[in-house]
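Now for the letters of each chain:
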Amino acid sequence: MSIEQQSNKQGDESTNLQISIPEGRQPQHQVAYQSMGTGKNLVLVHGWGVNSAIWQLAAEQLSQHYCVHLVDLPGFGKEPEISDYSLANIADLILKKLPDNAIWCGWSLGGLIATYVARHHPERVEKLIQVCAAIKFVEQGQWLGVKKAVFERFKTGVITQPEKTLNRFLSLQAMGSVTVKNDIAIIKGLLAEQPQPKQNALIAGLDLLSNVDLRESFSQLTMPCLSLFGRLDSLVPIANMPELIKLYPANQQVIFEHSSHAPFISESVHFQRVVIDFIEG
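Figured I'd write up the structure that's included with this text. The structure presented is a predicted model; accordingly, all values stated were derived computationally and were not measured.

Things to note about the environment of Leu 98
Here comes step 1: With respect to the helices and strands, the residue Leu 98 is situated in the loop between helix H3 (87-95) and strand S4 (102-107).
Here comes step 2: Accessibility expressed as a relative area gives 7% for Leu 98, which makes it buried.
Here comes step 3: Taking C-alpha positions, Leu 98 is 8.4 Å from Val 71, a pair spaced 27 residues apart along the chain.
Here comes step 4: What Leu 98 contacts, discounting residues up to four positions off in sequence, is Tyr 33, Val 43, His 69, Val 71, Trp 104 and Arg 124.

Okay, here's the thing in structure tokens:
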């Protein structure tokens, strides 16, 4: 099933954002910026349409080993909008809140931002982890990805039917995973009672996903880099993995066999182990 088919199907099946997280998995904190734990600094950067609360369950586990830093991107969560929604400006803003040196882990759009920081502020990034984060999301030639028209349709939906569009996109994160229903419930439960993203930030974020190409930047990285993929992910094809190796031969890669776009939800225990092994390796 293609991303477009999944998106259309989920438009009819998506549930309300007020779904609760399964019992015993309620997040303990929901703030715009927070740090938890002690040890090496680990920054977690969220993706489009959500905020730092999406990381809460993973952060609570990883904070048993590291000092985990969660930050909301501009226009998401409790962060105000900005007029210049460029990677450079976003990076400058969030770097002001974060430690001087850390392992950076970015999911989806957050992976683009973390990769940009790693390229342009390498002194701030000890290691880089990309979670289902294409360095170019849109297909072009031999590079596989999402059709540009898909992002344009999401932009139209954000303007005309914002709540329905966000529900559809959130559900899409887990579509195809073995535990799809539970994953969707967890994702939406983590975001229940959270502030809605600002419309301008949603549109600007889609423009980044649609237009940014960090392939050259990726080839110029100097720190260890781990790229994580979901085998069932329709947004970030695993078929591009060999191209990443060509661009940056030191790139390490792991496929989560039972996951779609959110392995830290679908295979949380495995995700934590992979991250810890990379950080400690």
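After presenting the structure, the write-up continues.
A look at the side chain of His 261
Here comes step 1: In this fold, His 261 is placed in the loop between strand S7 (252-256) and helix H11 (263-266).
Here comes step 2: Side chain to side chain, His 261 and Asp 233 meet in a polar contact 2.8 Å long.
Here comes step 3: Ignoring any residue separated from it by four or fewer positions in sequence, one finds His 261 in contact with Trp 107, Ser 108, Cys 132, Gln 173, Asp 233, Leu 235 and Val 236.

Focus: the sheet that holds strand S1 (residues 33-36)
What holds strands together in a sheet is hydrogen bonding between their backbones, with the strands either parallel or antiparallel.
Here comes step 1: Strand order in the open sheet formed by 7 strands is S1-S3-S2-S4-S5-S6-S7, with mixed pairing between adjacent strands. Single-partner strands in this sheet number two, and they are S1 and S7. Neighbour-to-neighbour, the strand axes of the sheet open up by a mean angle of 15°, direction not taken into account.
Here comes step 2: Summarising the sheet, strand S2 (residues 41-45) and strand S3 (residues 67-71) pair through 5 bridges and their orientation is parallel. The residue of S3 that forms the bridge with Val 45 is Val 71.

Some remarks on helix H7 (residues 180-191)
Here comes step 1: Taking 1.5 Å as the rise per residue, H7 with 12 residues should run 16 Å; its terminal C-alpha atoms sit 17 Å apart, in good agreement.
Here comes step 2: For H7, a buried count of 9 out of 12 residues is recorded, marking the element as mostly surrounded by other parts of the structure.
Here comes step 3: A positive backbone phi angle near 70° is found at Glu 193, which sits one or two residues after H7.

So, how was this worked out
- Residues numbered from 1 in each chain as written.
- Predicted model: local features only at pLDDT ≥ 70, side-chain atom pairs only at ≥ 80, totals over all residues.
- Heavy atoms only, no water.
- Helix = DSSP H or I, 4+ residues; strand = E, 2+ residues; numbered from the N terminus.
- Buried < 20%, exposed > 50% of the residue type's maximum accessible area, 1.4 Å probe, protein only.
- Contact = heavy atoms within 4.5 Å.
- Polar contact = N/O pair within 3.5 Å; in protein donor to acceptor, adjacent residues only side chain to side chain.
- Pairing = 2+ DSSP bridges.
- Axes fitted to C-alpha atoms, helices over the stretch in contact; angles between N-to-C directions.
- Expected span 1.5 Å × (residues − 1).

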